[in-house]
Amino acid sequence: MNIIAVQPVVALIAGILILVMPRLLNYIVAIYLIFIGVMGLLGRSGGMPM
(Lines give C-alpha, C1' and ligand atoms only; values in the text may rest on other atoms or scores of the structure.)
Protein backbone atom coordinates (compact mmCIF):
# COMPACT_ATOMS: atom_id res chain seq x y z
CA MET A 1 0.00 0.00 0.00
CA ASN A 2 1.34 3.40 -0.96
CA ILE A 3 2.13 5.83 1.88
CA ILE A 4 0.54 8.66 -0.10
CA ALA A 5 -2.77 6.79 -0.18
CA VAL A 6 -2.68 6.03 3.56
CA GLN A 7 -2.01 9.53 4.89
CA PRO A 8 -5.42 11.11 4.14
CA VAL A 9 -7.29 8.16 5.65
CA VAL A 10 -5.17 8.21 8.82
CA ALA A 11 -5.55 11.98 9.11
CA LEU A 12 -9.34 11.75 8.73
CA ILE A 13 -9.66 9.04 11.39
CA ALA A 14 -7.34 10.93 13.75
CA GLY A 15 -9.32 14.15 13.27
CA ILE A 16 -12.62 12.44 14.07
CA LEU A 17 -11.16 10.76 17.16
CA ILE A 18 -9.72 14.07 18.40
CA LEU A 19 -13.13 15.74 18.01
CA VAL A 20 -14.85 12.95 19.93
CA MET A 21 -12.19 12.52 22.63
CA PRO A 22 -9.76 15.48 22.84
CA ARG A 23 -7.64 13.73 25.48
CA LEU A 24 -6.48 11.27 22.81
CA LEU A 25 -4.60 14.01 20.95
CA ASN A 26 -1.16 13.16 22.39
CA TYR A 27 -1.51 9.46 21.65
CA ILE A 28 -2.90 9.99 18.16
CA VAL A 29 -0.11 12.38 17.20
CA ALA A 30 2.56 10.05 18.60
CA ILE A 31 1.15 6.99 16.83
CA TYR A 32 0.76 8.93 13.58
CA LEU A 33 4.35 10.18 13.66
CA ILE A 34 5.72 6.73 14.46
CA PHE A 35 3.64 5.17 11.67
CA ILE A 36 4.73 7.73 9.07
CA GLY A 37 8.36 7.41 10.16
CA VAL A 38 8.36 3.62 9.91
CA MET A 39 6.61 3.68 6.55
CA GLY A 40 9.11 6.25 5.26
CA LEU A 41 12.08 4.18 6.40
CA LEU A 42 10.70 0.96 4.94
CA GLY A 43 9.90 2.65 1.66
CA ARG A 44 13.30 4.28 1.34
CA SER A 45 15.44 1.32 2.43
CA GLY A 46 13.86 -1.08 -0.03
CA GLY A 47 12.16 -3.09 2.70
CA MET A 48 8.66 -4.32 2.09
CA PRO A 49 7.26 -3.45 -1.34
CA MET A 50 4.40 -1.00 -1.31
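Small disclaimer: the values here were computed from a predicted structure and weren't measured.

Novice: I keep staring at the overall build of the protein chain and nothing clicks. Help me out?
Specialist: Within the protein chain, the regular secondary structure consists of two helices and zero strands. Expressed as a percentage of its 50 residues, the buried residues of the protein chain come to 8%. Element-wise, carbon and sulfur atoms account for 77% of the exposed surface of the protein chain, whose accessible area totals about 4100 Å².

Novice: Help me understand a nonpolar patch on the surface in this model?
Specialist: Taken together, the side chains of Val9, Leu12, Ile13, Ile16, Leu17, Leu19, Val20 and Met21 present a nonpolar region at the surface, about 790 Å² in accessible area. Residue leucine 12 is classed as exposed on the basis of its relative accessible area, which comes to 55%.

Criteria and thresholds
- Residues numbered from 1 in each chain as written.
- Predicted model: local features only at pLDDT ≥ 70, side-chain atom pairs only at ≥ 80, totals over all residues.
- Heavy atoms only, no water.
- Helix = DSSP H or I, 4+ residues; strand = E, 2+ residues; numbered from the N terminus.
- Buried < 20%, exposed > 50% of the residue type's maximum accessible area, 1.4 Å probe, protein only.
- Areas by Shrake-Rupley, 256 points an atom, 1.4 Å probe, with all protein chains shown as cover.
- Patch = residues over 30% accessible without salt bridge, like charges linked within 9 Å, V, L, I, M, F, W, Y side chains within 5 Å.
- Salt bridge = Lys/Arg side-chain N within 4 Å of Asp/Glu carboxyl O.

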